[in-house]
Amino acid sequence: MDRPKAVVLLSGGLDSATVAAQAIEDGYELIALSFRYGQRHDRELLAAQQIVEHLKVKEHFVVEVNLAQWGGSALTSATDAIPTDGVQAGVIPVTYVPGRNTVFISIALSLAEAKAAEAIYLGINAIDYSGYPDCRPEYLEAIQHLASLSSRAGLAGNAPHLVAPLVMDSKVDIVHRAVRLGVPIALTWSCYQGEAEPCGVCDACRIRDRALIEAGQPELATAIGRTMYHQEQSTA
């Protein structure tokens with residue numbers, strides 16, 4: 001029998017790669033969806049393509065939707081400073097891109113309906129990226145309701161199910177899951193910068209490196225990240 005299909009939003013980062021591998025384990029044939037949305041660099045899209053090849057995903061769509069035209073985020077600006085002082089509880093970071101997940105999921109819903117996909121897998125996480133309003137369980141519930149109202153498939157009772165396996169996982173939990181699923185962690189890209197190697201100091205690198213070290217995978221962290229981690233531990 002043919003496997004049911006699922007669309008996976010694949011940014012090229014650790015979370016989305018882990019979700020893609022989880023969807024395969026759950027029995028789905030994947031359709032990968034990535035976006036060129038005006039982000040500072042295309043390095044993450046290269047990672048997404050490498051992950052697609054590693055996981056042997058047959059279909060991979062890269063959609064252009066330029067959210068940088070109106071700004072509002074350090075991730076879509078060539079001049080705004082990238083934060084390096086760590087995530088602050090209760091503060092929405094300047095790396096939040098207004099409406100990004102809503103735009104992405106809307107396009108994913110269109111793709112899912114066209115391809116008769118039963119599910120859409122999302123790498124959103126409400127723990128380590130607290131402060132992003134479009135990464136909360138309440139948001140996911142609201143978008144699921146929208147999916148049931150906004151399409152022919154939804155009116156027929158066949159709206160794709162939005163699956164966010166990592167939504168309440170810690171980053172360490174995500175690393176453990178990635179290792180169990182055989183995710184090629186070294187191929188993933190989380191850094192906000194687009195250089196040849198991860199910077200090790202931006203907030204995304206700091207969160208990733210800490211989790212890799214605490215999950216027993218220090219060799220996958222940046223050298224800068226390992227040094228900063230041990231310095232923090234020695235002064236704690």
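Residues numbered from 1 in each chain as written. Predicted model: local features only at pLDDT ≥ 70, side-chain atom pairs only at ≥ 80, totals over all residues. Heavy atoms only, no water.

### Some remarks on the sheet that holds strand S1 (residues 5-9)
Phase 1: Here we have 5 strands laid out as an open sheet, ordered S3-S2-S1-S4-S5, and parallel in their pairing. Whereas interior strands pair on both sides, the edge strands pair on one side only; in this sheet they are strand S3 (59-64) and strand S5 (161-163). The sheet shows a mean angle of 25° between the axes of neighbouring strands, taken without regard to direction.
Phase 2: Pairing geometry for S1 and strand S2 (residues 29-36), over 5 bridges, is parallel. Among the inter-strand pairings, Leu 9 is bridged to a residue of S2, identified as Leu 33.
Phase 3: Lying on the sheet, helix H1 (residues 14-25) is in contact with S1, S2 and strand S4 (119-121); it crosses S1 at an angle near 170°.
Phase 4: Together, S2 and S3 form the strand contacts of helix H2 (residues 43-55), whose direction differs from that of S2 by roughly 170°. (Pairing = 2+ DSSP bridges. Helix = DSSP H or I, 4+ residues; strand = E, 2+ residues; numbered from the N terminus. Axes fitted to C-alpha atoms, helices over the stretch in contact; angles between N-to-C directions. Contact = heavy atoms within 4.5 Å.)

### A few points about helix H3 (residues 100-114)
Phase 1: The first and last C-alpha atoms of H3 sit 21 Å apart over 15 residues, in line with the 21 Å expected at 1.5 Å per residue.
Phase 2: Considered for burial, the residues of H3 that qualify are Arg 100, Asn 101, Phe 104, Ile 105, Ala 108, Leu 109, Leu 111 and Ala 112. Summarising the axial view, the buried residues of H3 lie within an arc of 170°, below the 170-degree limit, and thus occupy one face.
Phase 3: The secondary structure elements touched by the buried residues of H3 are S1, S2, S3, S4, helix H4 (137-149) and S5.
Phase 4: Taken from the residues just after H3, Ala 116 is the one with a positive phi, measuring 55°. (Expected span 1.5 Å × (residues − 1). Buried < 20%, exposed > 50% of the residue type's maximum accessible area, 1.4 Å probe, protein only. Arc of directions from axis to C-beta.)

### Quick notes on the pattern of salt bridges
Phase 1: In total, this model carries 8 salt bridges according to the counting rule given.
Phase 2: We note a salt bridge from Arg 36 to Asp 42, for which the minimum N-O separation is 3.5 Å.
Phase 3: Judged by its relative accessible area of 41%, Asp 42 is partly exposed.
Phase 4: Across the pair Arg 36 and Glu 64 runs a salt bridge, and its minimum N-O distance is 3.6 Å. Here Arg 36, found in strand S2, pairs with Glu 64, found in strand S3; they are 28 residues apart in sequence, far enough to count as distant.
Phase 5: Exposure remark for Arg 36: the relative accessible area of 31% places this residue in the partly exposed category.
Phase 6: Taking the relative accessible area as the measure of exposure, Glu 64 reaches 61% and is therefore exposed.
Phase 7: Taken together, the shared-partner salt bridges connect Arg 36, Asp 42 and Glu 64 into one network. (Salt bridge = Lys/Arg side-chain N within 4 Å of Asp/Glu carboxyl O.)

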